[in-house]
Amino acid sequence: MMPDTPTKPLRAFTAIESEQIRSLFPILGRQIYGKQLVYFDNGATTQKPQRVLDSIQNYYTTYNSNVHRGVHFLSQQATDVMEDARKTIQEFINAKQAEEIIFTSGATESINLLASSFSQLLAKGDEILISAMEHHANIVPWQMICERYGYHLRVIPILDNGDLDLIAFDKLITPKTKLLSVVQVSNTLGTINPIKQLIDKAHQNNTAVIIDGSQAVQHLKIDVQELDCDFYVFSGHKLYGPTGTGVLYGKKNRLEQLPPYKGGGDMIKEVSFEKTTYNDLPFKFEAGTPNIEGIIGLAEAIHFINHTGIASIANHEADLLNYFTDKLRAIPGIRIFGESSNKIAVISFLLRDIHPYDIGVLLDKMGIAVRTGHHCTQPIMQRYQIPGTVRASLAVYNTRAEIDVFIDALHRINKMF
Amino acid sequence: MSIAEKEKEVIEEFELFNDWMDKYEHIIEQSRQLPLIDELQKTDEYLVRGCQSKVWLNATFKDGCVYFTADSDAVITKGIIALLVRVLSGEKPEVIIESQLSFIDRIGLKEHLTPNRANGLASMVKLMKTFALGFKLKQQA
Ligand SMILES: Cc1ncc(COP(=O)(O)O)c(C=O)c1O
């Protein structure tokens, strides 16, 4: 007899659960042009639950002060809360130690930090491998160091359905490949890449691996130890936290090998004009006063996710994705870009030959927020030879009812052209 | 008709609609009235750079007046251009240079002309005035 499987069936939140979640986000009650807001631009940034806003307010009203510097009570308290936040993030992605969590201003800064530090460790002719579905934030910093120091950038192509071309990957990874930097989830196509497979292959080749998890941490359970990636980066604002926050996770020995990126206060042990010695991890990479309020808010956002349950969030969003995709496919003239069998609730599409800008403007007038254009992934647009797409990207608080509103709006627009 | 009269006419047309979608239906309708730029001129030389939608603009000078032709790959952008061309075409260079185009604000489309809107319309208005200035200088020379 087969044993009972303990896994819960795939199901969306019930109407009551959904209402409870939505009630935590004050902005969702807004009307736009007299219409109820439908916020489908979560890939750009997510809305913030009240508890995140409260935590920031509470910091400024009760224990605002600089961290790591003062002997006084408030400074100690702020330092404790910020270091607790580091532990919250450590547990969230299951890093081995808290000092492997570096606070940055966002995924963009995390990648720039890595590019800048690695630029001093690589040798001329070394290769850096990225993919054709990277966000510009994971392309341009590498191009900049390649141009400056004579490294070479190589690109893993993508297949028509939006999956990575793994056969090409096998050929592109060579003894010269010192770094592999790839996105876990594409912000434009929604594809979830088989990063475990890529990481293992890269490690057999002695290639260090950076994962851009900007579109993954808010949708999937992340375990950096199990993945065994060397670095993992993400932004706080796409995971219900404040803007201006981000994380760079790195394995301790990897971070220790890297030279610091910014100089200033907090990142030093001793400074003299002859020689400066650097502080230990994580402070070696955290020069200057950090974004204390943001970090506090980010930890609170993670508490919100933990409380809701990342598996439940994933189930709900998977249900929305199926529902949405079926409804869209039923409209004649719809082309969806990114049809991987393994994707998150991001749908990029075009309707007939209507320009994405026109669709975006009209959806906006019906209270629906989407993003249109190239989504900071111009190489993907070149790959499919399109000027841009309309992108609907969903989050924990979205509902089937909102998808119905969206589909009706799209039918209306379809008739206008 | 003077510029002011043409602007008034457009404002009155738009006052007939109180729903946003109806206004946009009308803009889409207007796009069909735009005097189109020659297909051969849809090159970088006549391209107004916007981030999301492309706009091409050209102008000719006849009997002391400026006439515009244009196109865009986005229909709403094209419709708004059609309104601008409808108001400005056939005017003297000085009049175009001095024009405030406040009707765009009055019909609720100001957002489309803000420079950060990334649709190329703000740069297009500038270019229309640059064309007019060029003709004016040539005329004086
Ligand atoms: C996949 C991916 N990487 C990196 C970034 C950059 O994030 P940020 O602008 O928050 O630094 C984004 C944001 O859109 C993204 O989607």
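On a predicted model such as this, the values are computed, not experimentally measured, just so you know.

Novice: What am I meant to see in unusual backbone geometry here?
Specialist: Across residues other than glycine, the phi torsion is negative in most instances, and most of the peptide bonds are trans. Residue and element names in this part refer to chain A. For the bond running from L281 to P282, omega is -5°, close enough to zero to count as cis. Relative to the assigned elements, P282 resides in the loop between strand 12 (276–278) and helix 10 (292–308). For D228, which is not glycine, the phi dihedral falls at a positive 70°. Among the structural elements, D228 can be located in the loop between helix 8 (224–227) and strand 9 (231–235). Located in the positive-phi region is Y240, a residue other than glycine, with phi close to 70°. Taking relative accessible area as the criterion, Y240 reaches 0% and is therefore assigned buried.

Novice: What should I look at first to understand the environment of P194 of chain A in this one?
Specialist: Residue and element names in this part refer to chain A. As for its placement among the helices and strands, P194 is situated in the loop between strand 7 (177–183) and helix 7 (195–204). The class for P194 is partly exposed, based on a relative accessible area of 30%. Considering only alpha carbons, one finds P194 and L166, 28 residues apart in sequence, at a separation of 9.3 Å.

Novice: How should the pairing of strand 6 (residues 152–156) of chain A be read in this particular structure?
Specialist: All names here are of chain A. Sheet topology note: the strand 5 (residues 127–131)/strand 6 ladder contains 5 bridges and is parallel. The residue bridging I130 from the neighbouring strand is V155, located in strand 6. What joins strand 5 to strand 6 is helix 5 (residues 140–149), and the crossover it makes is right-handed.

Novice: Looking at this structure, how should I read the pattern of salt bridges?
Specialist: It is possible for side chains of opposite charge to pair when their charged atoms get near one another. All names here are of chain A. Tallied over the entire structure, the rule returns 31 salt bridges over all chains. The salt bridge partner of K87 is D84, with a shortest N-O separation of 3.9 Å. Note that K87 and D84 are positioned in helix 3 (residues 73–92) at a spacing of 3 residues, about one turn of the helix. A relative accessible area of 41% means that K87 is categorised as partly exposed.

Novice: How should I be thinking about the interface of chain A and chain B in this particular structure?
Specialist: When the parts of a complex come together, some accessible area is lost, and that lost area is often used as the size of the interface. Taken together, the contact between chain A and chain B spans 14 residues of the former and 19 residues of the latter. It is Y357, K365 and M416 of chain A that lose the most area in chain A upon contact with chain B, and together they represent 40% of the buried surface on that side. Our count for the chain A to chain B interface comes out at 1 salt bridge. Among the ionic pairs, R412 of chain A bridges to D19 of chain B, the shortest N-O distance being 3.7 Å. In this assembly, chain A and chain B are joined by 3 residue pairs in polar contact (both at pLDDT 80 or more). Listing elements by their share of the side of chain A that touches chain B, those giving two or more residues are helix 12 (356–365), strand 16 (371–373) and helix 14 (400–416) of chain A. Top element by residues in the side of chain A that touches chain B is helix 12 of chain A. It accounts for 5 residues.

Novice: I keep staring at the packing of helix 2 (residues 50–63) of chain A against helix 3 of chain A and nothing clicks. Help me out?
Specialist: The relative placement of two packed helices comes down to the angle between their axes together with the axis-to-axis distance. Residue and element names in this part refer to chain A. Relative orientation of the contacting elements helix 2 and helix 3 amounts to 160°, with a least axis distance of 10 Å. Taken together, helix 2 and helix 3 sit at an angle that is classed as roughly antiparallel. Seen from above, helix 2 lies across helix 3 with right-handed handedness. Counted together, Y59, T62 and Y63 of helix 2 and L74, Q77, A78 and V81 of helix 3 form the full contact between these two elements.

Procedures and definitions
For every chain, the first residue of the written sequence is number 1, and numbering continues from 1 along that sequence. To read the labels, note that chains go from A and ligands from 1, taken in the order they are written. Given that this is a predicted model, residues contribute local features only at a pLDDT of at least 70 and side-chain atom pairs are listed and counted only at 80 or more, while totals for whole chains, interfaces and linings are drawn from all residues. Side-chain metrics rest on all non-hydrogen atoms present in the structure, leaving aside hydrogens and water. To qualify as a helix, a DSSP run of H or I must reach at least 4 residues; to qualify as a strand, a run of E must reach at least 2; elements of each kind are numbered from the N terminus. The buried label applies to any residue whose accessible area, calculated with a 1.4 Å probe on protein chains only, is under 20% of its type's maximum; exposed applies above 50%, and partly exposed to all values in between. Each pair of strands is called paired provided DSSP finds at least two bridges between the two strands. Handedness of a crossover: with both strands directed away from the viewer, a clockwise path from the first strand across the helix to the second marks it as right-handed. When a carboxyl oxygen of Asp or Glu lies within 4 Å of a side-chain nitrogen of Lys or Arg, that pair is called a salt bridge. Here, two residues are considered to be in contact whenever any of their heavy atoms come within 4.5 Å of each other. Buried area: the accessible area, evaluated with a 1.4 Å probe, that two parts lose upon being put together, summed over both parts. The term polar contact refers here to a pair of N or O atoms within 3.5 Å; inside protein, the definition further demands a hydrogen-donor-capable atom paired with an acceptor-capable atom, and it admits residues adjacent in sequence only when both atoms are side-chain atoms. Here, axes are lines fitted to C-alpha atoms. For helices the fit covers the stretch in contact, and angles between N-to-C directions go from 0 to 180 degrees. Any angle that is under 35 degrees is reported as roughly parallel, and any over 145 degrees as roughly antiparallel; angles of 65 to 115 degrees are reported as roughly perpendicular and all others as oblique. A clockwise turn of the near helix away from the far one marks a right-handed crossing, whereas an anticlockwise turn of less than a right angle marks a left-handed crossing.

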